[in-house]
Amino acid sequence: MNQVTAPMRHQKAYDNVLQTIGWTPLIRLNRVTEGIRTPVYVKAEFFNPGGSVKDRIGPAIIEAAEREGRLKPGGVIVEGTSGNTGVGLALAAAVKGYRCIFTSPDKMSREKVKLLEAFGAEVIVTPTAVPPDHPDNYVMMARRIAEETPNAILANQFYNQANPEAHYRSTGPELWEQTEGRITHLVASAGTGGTISGTGKYLKERNPAIRVIGADPDGSVYANYKRTGELGEDHPYKVEGVGNDKLPETLWFDVVDEFRTITDKDAFDMARRLTREEGLFVGGSAGLIATLALQVAREVDDPDALVVCILPDTGERYLSKLYDDEWMRDNDMM
Ligand code: PMP
């Protein structure tokens, strides 16, 4: 293992940047797994051009709306988002010539709003401190803008089946091929649930013995719902993009064998270790997922098993949060 660059990568030219989405590398963990016999590999989604797994669903949602005749040239894409989905949609909209309007609660960092604006999106900042059914709530406002704007669609990532289907068609087959069918455990998280549902469904169709395990932030309702069938209490947490206080239609619970709860502190600690010990510069949800993947690998304790975990996004988006010692101390994480 002494090559400097990857073999046979990007050998041919692409017509546009959207063609470079997906086929992200699968990379073995070497140092954080010390003492664990089960091999653990990561799917490095920060290699996508917009820096996250959500680049996969941007074009998929837009192309589904085009096919259904709901989106025509010059159209507008609306979503309540300030995160990676916004980037995925804005990237695809830039290439395809659509406008984007996003609504974002004012608790979101200025950098994230700037990032969406950099791609040409219009971002409307809404008050965080309003009830979910208030007209100024960011989801309600996105819905209203989509209804009132001619030739506009609501991307609707928590309900739009084009989201999990994008992973069924891309992330799943990629992992099957990259592991030559040897994957035994998939560890992922669920925000919308698109990644774990679509990827997990594809893999289980190839081999029903594959276990699909979800990492849920302490405070989210998914783990308790899977265990008891009831929502239970939610409380705030710091890891971004994952977990929820309600159930989306893009999370296919029957595909997930179990959810396990991981704390913010463990998630952030592992994200920083992945950066410093493996050279994988990732966000907090990657730390959440990798923490669980190592737990699973330790329990399985089998050199012939193969655990894959998803690393959803780049650490660049969190320099002023989990990569900032002062922020970590202020939040009792160090
Ligand atoms: N991690 C991060 C940082 C995300 O932005 C998302 C998407 N919300 C996820 C994980 C989870 O992905 P999914 O929505 O496909 O469940």
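Refer to the structure presented above.
This report concerns the structure included in the present document. Treat the numbers as computed from the prediction; the structure is a model and nothing was measured.

For the protein chain, the helix and strand inventory stands at 11 helices and 10 strands. Viewed in the frame of its principal axes, the protein chain has a C-alpha envelope of about 55 × 50 × 40 Å. Contacts spanning at least 24 positions in sequence make up 71% of the contacts within the protein chain whose residues lie at least 6 apart. As displayed, the protein chain has an accessible area near 15,700 Å², and 48% of this comes from carbon and sulfur atoms. Averaging the locations of the 38 positively and 48 negatively charged side chains of the protein chain gives two centres separated by 4 Å.

The strand order β1-β2-β10-β7-β8-β9 describes an open sheet built from 6 strands, whose pairing is mixed. Lying at the two open borders of the sheet, with one neighbouring strand each, are β1 (26–28) and β9 (258–262). Taking the axes of each pair of neighbouring strands and ignoring which way they run, one obtains an average angle of 30° across the sheet.

Mapped onto the fold, alanine 215 is located in strand β8 (residues 211–217). We classify alanine 215 as buried; its relative accessible area is 0%. For the pair formed by alanine 215 and tryptophan 176, sequence separation is 39 residues and the distance between their alpha carbons is 21 Å. In contact with alanine 215, not counting residues within four places along its chain, are Ala188, Ser189, Ala190, Phe259, Arg260, Ile262, Leu288, Ile289 and Leu292.

In the neighbourhood of the ligand, 16 residues make up the surrounding shell, with Lys54, Gly191, Thr192, Thr195 and Ser285 lying closest. Taking glycine 194, its main chain carries an N or O atom lying 3.5 Å from an oxygen atom of the ligand. Protein contact buries 93% of the 390 Å² of open area that the ligand shows by itself. When its residues are assigned to classes, the shell around the ligand shows 4 nonpolar, 9 polar and 3 charged.

Attention now goes to the packing of aromatic side chains. Counting across every chain of the model gives 8 aromatic pairs. Where tyrosine 168 meets tyrosine 202, the ring centres are 5.7 Å apart and the plane angle is 75°; that geometry is what we call edge-to-face. Of this pair, tyrosine 168 sits in helix α5 (residues 162–169) while tyrosine 202 sits in helix α7 (residues 194–206), and the two are 34 residues apart along the sequence. When its relative accessible area of 26% is taken as the criterion, tyrosine 168 is described as partly exposed. With a relative accessible area of 14%, tyrosine 202 lands in the buried category. Following the ring pairs from residue to residue traces out a cluster consisting of Tyr222, Tyr225, Phe253 and Phe259.

Let us look at the sheet that holds strand β5 (residues 122–126). Within a sheet, each strand pairs with its neighbour through backbone hydrogen bonds, oriented either parallel or antiparallel. Taken in spatial order, the 4 strands line up as β5-β4-β3-β6 in an open sheet, and their pairing is parallel. This sheet does not close on itself; its edge strands, each paired only once, are β5 and β6 (152–154). With strand direction ignored, the average angle separating the axes of adjacent strands in the sheet is 20°. Strand direction decides the pairing type here: strand β3 (residues 76–80) and β6, joined by 3 bridges, are parallel. From the neighbouring strand, valine 78 faces β6, where its bridge partner is leucine 154. The sheet contacts of helix α2 (residues 84–96) involve β3 and β4 (99–105), and relative to β4 the element is tilted by about 165°. Lying on the sheet, helix α4 (residues 138–148) is in contact with β3, β4, β5 and β6; it crosses β4 at an angle near 155°.

What follows covers the nonpolar core. Of all hydrophobic cores here, the largest spans 38 residues; its most connected members are Leu29, Val187, Leu274, Leu280, Val282, Cys309 and Leu311. At 9 residues, helix α10 (residues 284–300) tops the list of elements feeding residues into this core. Those residues in contact with leucine 274 that sit more than four places away from it in its chain are Leu29, Val32, Gly279, Leu280, Val282, Ala286, Ala290 and Leu311. Formed by 27 residues, the second largest nonpolar core is a distinct cluster that contains Leu91, Val113, Val123 and Ala155.

We now examine the packing of helix α9 (residues 264–278) against α10. Packing of α9 against α10 leaves a shortest axis separation of 7 Å and a crossing angle of 95°. As the angle between them shows, α9 and α10 are arranged roughly perpendicular. In this structure, α9 uses Asp266, Ala267, Phe268, Met270, Ala271 and Leu274 to contact α10, whose residues at the interface are Gly284, Ala286, Gly287, Leu288, Ala290, Thr291 and Leu294. Taken together, the residues of the contact of α9 with α10 break down into 9 nonpolar, 3 polar and 1 charged.

Let us look at the pattern of salt bridges. Summed over all chains, the structure comprises 18 salt bridges. As a salt-bridge pair, aspartate 301 and arginine 37 come within 3.0 Å of each other at their nearest N and O atoms. With aspartate 301 in the loop between α10 and β10 (307–311) and arginine 37 in the loop between β1 and β2 (40–44), the pair connects residues that are 264 residues apart, well separated along the chain. Using a relative accessible area of 49% as the deciding quantity, one classes arginine 37 as partly exposed. Between lysine 96 and glutamate 63 there is a salt bridge, with the nearest N and O atoms lying 3.1 Å from each other. Note that lysine 96 is positioned in helix α2 and glutamate 63 in helix α1 (residues 57–67), a separation of 33 residues in sequence. Residue classification places glutamate 63 among the partly exposed positions, given a relative accessible area of 31%. A cluster of three or more residues bridged by salt bridges with shared partners is formed by Lys43, Glu45, Arg56 and Glu174.

Thresholds applied
Residues numbered from 1 in each chain as written. Predicted model: local features only at pLDDT ≥ 70, side-chain atom pairs only at ≥ 80, totals over all residues. Heavy atoms only, no water. Helix = DSSP H or I, 4+ residues; strand = E, 2+ residues; numbered from the N terminus. Contact = heavy atoms within 4.5 Å. Areas by Shrake-Rupley, 256 points an atom, 1.4 Å probe, with all protein chains shown as cover. Lys, Arg positive; Asp, Glu negative; His and termini not counted. Charge placed at Lys NZ, Arg CZ, Asp CG, Glu CD. Pairing = 2+ DSSP bridges. Axes fitted to C-alpha atoms, helices over the stretch in contact; angles between N-to-C directions. Buried < 20%, exposed > 50% of the residue type's maximum accessible area, 1.4 Å probe, protein only. Near = heavy atom within 4 Å. Polar contact = N/O pair within 3.5 Å; in protein donor to acceptor, adjacent residues only side chain to side chain. Nonpolar A, V, L, I, M, F, W, Y, C, P; charged D, E, K, R; others polar. Phe/Tyr/Trp six-rings, centres within 6.5 Å; stacked < 30°, edge-to-face > 60°. Core = buried A, V, L, I, M, F, W, Y, C linked by side-chain atoms within 4.5 Å. Parallel < 35°, antiparallel > 145°, perpendicular 65-115°, else oblique. Salt bridge = Lys/Arg side-chain N within 4 Å of Asp/Glu carboxyl O.

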